[in-house]
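# Examination of the molecular architecture
The chain contents come next:
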Amino acid sequence: MSHWIIAGLWGLFSGSSLVVGSLIGYYIKLSPRKIAIIMGFGAGVLISALSFELMEEAFKQSGLWASSFGFISGALIYFVANFILEKLGAKHRKRSRQQPSEEENEGSGLAIAMGALLDGIPESMAIGISMLGGGTISLATVIAIFISNLPEGLSSSSGMKNAGRSKKFIFGIWGGIAIISGIAAILGYTVFGQLSATITGTTLAVAAGAILNMVSATMIPEAFDKGHNLIGIVTVLGFLGSFLLSHLA
């Protein structure tokens, strides 16, 4: 099987947990505290993966200064895009209680969808780029993204339901993003496979910076808001689990 197909399937797999999470959030009544614990664990998993998988690989390919530049650039790009989407109504897209309805903020539904896409594309492209070293996937990265996507889909779909959005809208968003995740992974592999190692490594760092900004700006605040001090321990456990996986896989 071609490597680009494998990259797409892994991207689709990691994105599919958004659909799984949305089904749980829509049909199963979970307390905000339980959702927060899952969110905190997912945040720890992602932080570990971007530290020991993405940034380490970016450093090997592009060096210290290029990877540092990419990392900061990714954070800034995410910051600007997220700021714009927040103004359009996507500020609480990962929250299970505070999302605005379409009547309260017209166009917020589209903004939430775009925000979810903004959160997911860097992760998926990182999957494809991570295969460029030898055609093998970083299992720790894929599992980290899969786990972190679960609480995102769970919490956000619960919030969408509480805001009065339709089942078609909710599952359409997450199903569409799962498919786009697969496409983004393919693009990460095919497009950046034609470029130099320096550009590839820098781009991987851009994805890492965007992911860390996303975790810090959305996942951790949502988790702490409902889970309080317990979230610190849960995040540490998520970090440790991903760290062990990256060294044992």
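Residues numbered from 1 in each chain as written. Predicted model: local features only at pLDDT ≥ 70, side-chain atom pairs only at ≥ 80, totals over all residues. Heavy atoms only, no water.

## Observations concerning helix α1 (residues 3–27)
Just so we agree on the cut-off: Secondary structure elements follow DSSP: runs of H or I of four or more residues count as helices, runs of E of two or more count as strands, with numbering from the N terminus. Multiply 1.5 Å by the residue count of a helix minus one, and that product is the helix's expected span. For the exposure calls, accessible area comes from a 1.4 Å probe over protein chains only, and a residue counts as buried if that area is under 20% of its type's maximum, exposed if over 50%, partly exposed in between.
The first and last C-alpha atoms of α1 sit 37 Å apart over 25 residues, in line with the 36 Å expected at 1.5 Å per residue. For α1, every residue scored as buried is listed here: A7, G8, G11, S14, G15, S17, L18, G21, S22, G25 and Y26.

## Here's the deal with the side chain of S14
To keep things clear, this is the line we draw: Throughout, a residue-residue contact means that at least one pair of heavy atoms, one from each residue, lies within 4.5 Å.
Examined against the element boundaries, S14 turns out to sit in helix α1. Filtering out sequence-adjacent residues up to four positions away, S14 remains in contact with I127, V142, I145, F146 and N149.

## Focus on the UniProt feature "transmembrane region" (unreviewed entry) in the protein
As a reminder, the rule being used: UniProt positions are given in the numbering used here, feature names are shortened, and annotations may be inferred rather than shown by experiment.
UniProt feature "transmembrane region" (unreviewed entry): in the numbering of this structure it lies at residues 6–28, 35–52, 64–85, 127–148, 169–189, 195–215 and 227–248. End-to-end, the C-alpha atoms of residues 169–189 are 30 Å apart, and along that stretch the chain is 100% helix and 0% strand.

## Things to note about a nonpolar patch on the surface
Using the following cut-off: The residues that make up patches have over 30% relative accessible area and no salt bridge, and they are joined within 9 Å when like-charged or within 5 Å when they are Val, Leu, Ile, Met, Phe, Trp or Tyr. Values of accessible area rely on a 1.4 Å probe in the Shrake-Rupley scheme; residue burial ignores everything except the protein chains shown. Any carboxyl oxygen of Asp or Glu within 4 Å of a side-chain nitrogen of Lys or Arg constitutes a salt bridge here.
Taken together, the side chains of W4, I5, L9, L12, I179, I183, L187, V191, L195 and I199 present a nonpolar region at the surface, about 840 Å² in accessible area. At the level of elements, α1 and α5 (167–192) are the ones that each hand at least two residues to the nonpolar patch. As for its position among the elements, I199 is in helix α6 (residues 197–227).

## A word on the nonpolar core
Worth spelling out the cut-off: Only buried Ala, Val, Leu, Ile, Met, Phe, Trp, Tyr and Cys residues count toward a nonpolar core, and they belong to the same one when joined by side-chain atoms within 4.5 Å.
Core analysis: the biggest nonpolar cluster contains 27 residues, and L46, L54, L204, I211, M214, V215 and M219 have the highest contact counts within it. Among the elements of the structure, α2 (32–90), α3 (108–130), α4 (139–162), α5 and α6 are those that each provide at least two residues to this core. At 10 residues, α6 tops the list of elements feeding residues into this core. Sequence-distant contacts of L54, that is, excluding residues within four places in its chain, are made with A49, A126, T141, L204, A208 and I211. Of all hydrophobic cores here, the second largest spans eight residues; its members include L18, Y26, I170 and W174.

## Overview of the packing of aromatic side chains
Rules: Here a Phe, Tyr or Trp ring, Trp counted by its six-membered ring, pairs with any other such ring whose centre lies within 6.5 Å, and the pair is stacked when the planes are under 30 degrees apart, edge-to-face when over 60, and tilted otherwise.
Applying the stated criterion across every chain yields a total of eight aromatic pairs. With 6.5 Å between their ring centres and 25 degrees between their planes, F79 and F83 make a pair best called stacked. Here F79 and its partner F83 are both found in helix α2, four residues apart, which amounts to about one turn of the helix. Judged by its relative accessible area of 51%, F79 is exposed. When its relative accessible area of 44% is taken as the criterion, F83 is described as partly exposed. Every member of this aromatic cluster is reached through a ring pair, and the members are W10, F13 and F146.

## Notes on the packing of α4 against helix α7 (residues 230–248)
How two helices sit against one another is set out by the angle between their axes and by the gap between those axes. Definition in use: Angles run from 0 to 180 degrees between N-to-C directions of axes, and those axes are lines fitted to C-alpha atoms, restricted for helices to the stretch in contact. An angle below 35 degrees is read as roughly parallel, one above 145 as roughly antiparallel, one from 65 to 115 as roughly perpendicular, and any other as oblique. By definition, turning the near helix anticlockwise from the far helix through less than a right angle yields a left-handed crossing, and turning it clockwise yields a right-handed one. Just so you know the grouping, Ala, Val, Leu, Ile, Met, Phe, Trp, Tyr, Cys and Pro go in nonpolar, Asp, Glu, Lys and Arg go in charged, and all remaining residues, Gly too, go in polar.
The contact between α4 and α7 brings their axes to 8 Å, and the two run at 155 degrees. Taken together, the axes of α4 and α7 are roughly antiparallel relative to one another. Considering how the two elements wind past one another, α4 and α7 form a crossing that is right-handed. Across the interface between the two elements, L139, A140, I143 and A144 of α4 pack against S242, L245 and S246 of α7. Of the residues that constitute the contact of α4 with α7, the class distribution is five nonpolar, two polar and no charged.

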